[in-house]
Amino acid sequence: MVNYGLFCTVFQTTKNHKPIKMKVIHTIKDLQAELSVLKAQGKKVGLVPTMGALHAGHASLVKRSVNENEVTVVSVFVNPTQFNDKNDLVKYPRTLDADCKLLEACGATYAFAPSVEEMYPEPDTRQFSYAPLDTVMEGAFRPGHFNGVCQIVSKLFEAVKPHRAYFGEKDFQQLAIIREMVRQMQFDLEIVGCPIVREEDGLALSSRNARLSAEERENALKISQTLFKSRTFAASHSVKETIDEVISTIDAIPEMRVEYYEIVDGNTLQPIAGWNDSDYIVGCITVYNGEVRLIDNIAYRRPEQ
Ligand code: PAF
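Scoring rules and cut-offs
- Here, residues in each chain are numbered from 1, in the same order as that chain's written sequence.
- The predicted origin of the model limits local features to residues at a pLDDT of at least 70 and limits the giving and counting of side-chain atom pairs to 80 or more, whereas totals for whole chains, interfaces and linings rest on all residues.
- The basis for every side-chain value is the complete set of non-hydrogen atoms in the structure, without hydrogens or water.
- Numbered from the N terminus, helices here are DSSP runs of H or I no shorter than four residues, and strands are runs of E no shorter than two.
- Buried, partly exposed and exposed residues are distinguished by accessible area as a fraction of the type maximum, computed with a 1.4 Å probe on protein chains only: under 20%, between the cut-offs, and over 50%, respectively.
- Proximity criterion: a residue is near a molecule or strand once any of its heavy atoms comes within 4 Å of it.
- What qualifies as a polar contact is a pair of N or O atoms within 3.5 Å, subject to a donor-acceptor requirement within protein and to the restriction that residues adjacent in sequence count only when both atoms come from side chains.
- Areas reported here follow the Shrake-Rupley algorithm with a probe of radius 1.4 Å; residue values treat only the protein chains shown as occluding.
- Think of it as three bins: nonpolar holds Ala, Val, Leu, Ile, Met, Phe, Trp, Tyr, Cys and Pro, charged holds Asp, Glu, Lys and Arg, and polar takes everything else, Gly as well.
- In this scheme, strands are said to pair when DSSP sees at least two bridges between them.
- Angular values range over 0 to 180 degrees, each being the angle between N-to-C directions of two axes fitted as lines to C-alpha atoms, with helices fitted over their stretch in contact.
- Any pair of residues with heavy atoms lying within 4.5 Å of one another is described as a contacting pair.
- Among buried residues, the Ala, Val, Leu, Ile, Met, Phe, Trp, Tyr and Cys ones that are joined through side-chain atoms within 4.5 Å form a nonpolar core.
- Whenever Lys or Arg places a side-chain nitrogen within 4 Å of a carboxyl oxygen from Asp or Glu, that contact is recorded as a salt bridge.

**Looking at unusual backbone geometry**
Residue Pro 132 is reached from Ala 131 by a cis peptide bond, and omega for that bond is 5 degrees. You can see Pro 132 is positioned in the loop between helix H6 (116–119) and helix H7 (138–141). Non-glycine residue Ala 53 carries a positive phi angle of around 50 degrees. Classification of Ala 53 as buried rests on a relative accessible area of 13%. Phi is positive for Met 137, close to 45 degrees, though the residue is something other than glycine. Assignment of secondary structure puts Met 137 in the loop between H6 and H7. Judged by its relative accessible area of 2%, Met 137 falls in the buried class.

**So, the site of the ligand**
Around the ligand, the surrounding shell consists of Pro 49, Thr 50, Met 51, Asn 79, Gln 82, Val 149, Ile 152, Phe 167, Asp 171 and Gln 174. Here Gln 82 contributes a side-chain N or O atom positioned 2.6 Å from an oxygen atom of the ligand. Calculation on the ligand without its partners gives an accessible area of 290 Å², and the protein chains cover 89% of this total. Every element with two or more residues in the shell around the ligand is listed here: strand S2 (45–50) and helix H8 (145–160). A breakdown of the residues in the shell around the ligand according to their chemical character gives 5 nonpolar, 4 polar and 1 charged.

**Things to note about the sheet that holds strand S4 (residues 110–112)**
Spatially, 6 strands are ordered S1-S4-S3-S2-S5-S6 in an open sheet, and the strand pairing comes out parallel. Of all the strands in the sheet, just strand S1 (23–25) and strand S6 (190–194) have a single pairing partner and so form its edges. Adjacent strand axes in the sheet meet at a mean angle of 25 degrees when their direction is disregarded. Sitting on the sheet, helix H3 (residues 56–68) touches S2, strand S3 (71–76), strand S5 (164–168) and S6, and the angle it makes with S5 is about 155 degrees.

**Thoughts on the nonpolar core**
A general feature of soluble globular proteins is that nonpolar side chains tend to end up buried together. Counting residues in hydrophobic clusters, the biggest one holds 45 residues, and the most contacted among them are Val 73, Phe 157 and Ile 191. Here this core gets 9 residues from one element, more than from any other, and that element is H8. When residues no more than four places from it in sequence are discounted, the contact partners of Val 73 are Leu 31, Leu 35, Val 45, Gly 46, Leu 47, Val 48, Tyr 110, Phe 112 and Val 160. Core analysis: the next-biggest nonpolar cluster, separate from the first, contains 25 residues, Leu 203, Leu 212, Ala 234 and Val 287 among them.

**Some details on the pattern of salt bridges**
One pass over the full model with this rule turns up 16 salt bridges. We note a salt bridge from Lys 240 to Asp 244, for which the minimum N-O separation is 2.6 Å. With Lys 240 and Asp 244 both in helix H11 (residues 239–251), this residue pair falls 4 residues apart, about one helical turn. Beyond isolated ion pairs, a larger network of salt bridges with shared partners links Glu 138, Arg 142, Glu 259 and Arg 293.

**Thoughts on the side chain of Arg 293**
Residue position: Arg 293 is located in strand S9 (residues 292–301). A distance of 2.9 Å separates the side chain of Arg 293 from the side chain of Glu 138, its partner in a polar contact. Only 2.6 Å separates the side chain of Arg 293 from the side chain of Glu 259, close enough to count as a polar contact. Residue contacts for Arg 293: discarding those within four places in its chain leaves Glu 138, Phe 141, Arg 142, Arg 208, Glu 259, Tyr 260, Thr 286, Val 287 and Tyr 288.

**Observations regarding the environment of Pro 132**
Taking the relative accessible area as the measure of exposure, Pro 132 reaches 40% and is therefore partly exposed. It is 7.9 Å that separates the C-alpha atoms of Pro 132 and Leu 269, two residues lying 137 residues apart in sequence.

What follows is the structure, given as structure tokens:
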């Protein structure tokens, strides 16, 4: 069920919101024609890339962009090249009408919903390699996934040429890789990382949550609960003991299987051995909950701002 209440709150409190109708655009040419006029007027453009099936986590990114830019483009595109599991691609929820209602309520200026042919008129053979950032965790378990993410995100950056682009910290590794891609490819834009949005009970919002049965939804809660508890556990245990504790707690539920839990340096994404190894420490987890693959993460330590 979509929480319209939250979106309406976003709508009413957004600084740059003007009650204009959001436009839905399907081609790069049409989008660029619109944006060139607005950019010529000196307007700043924020881009929020999504794969649709939008929830309050996406709304927080859109809200942030609407507050920081005069124009907000939200792309809604289920990118085939980032799915290493084709079954997952088929099952991915596609809810464009509902997405557009939510985006309009959030004050987005444009929903950009291209076809696969529009984004990939020919196969994209580009290879992106940001080792060791993209060889660990998701990179190890989902070969080719980040290559597909970089293909589509770089195409979106080239098409929209935004001043800022917004990504959630829930996909922690994706955010680090996109930052590195921007650095290496010298894209002239700011990447804005936004905090994870959680349900009241702690479950990290995800488009995949819609696929959970009531029992799986109950079990899924164990992920965030275990991560939060592990912060206290970590105060008197080693990194290795903390990893083992998290994995064994979640694996004790018969329907759940931890694919990995790694405690890493938040910048390099490399595993740390001791709590003093870094001033930015993040635990990243992936769990199979029945057939649904869920990810989450938690910061044990953040650098002082
Ligand atoms: O995080 C996502 O939803 C996707 O990986 C992204 C960034 C929209 C690229 O398809």
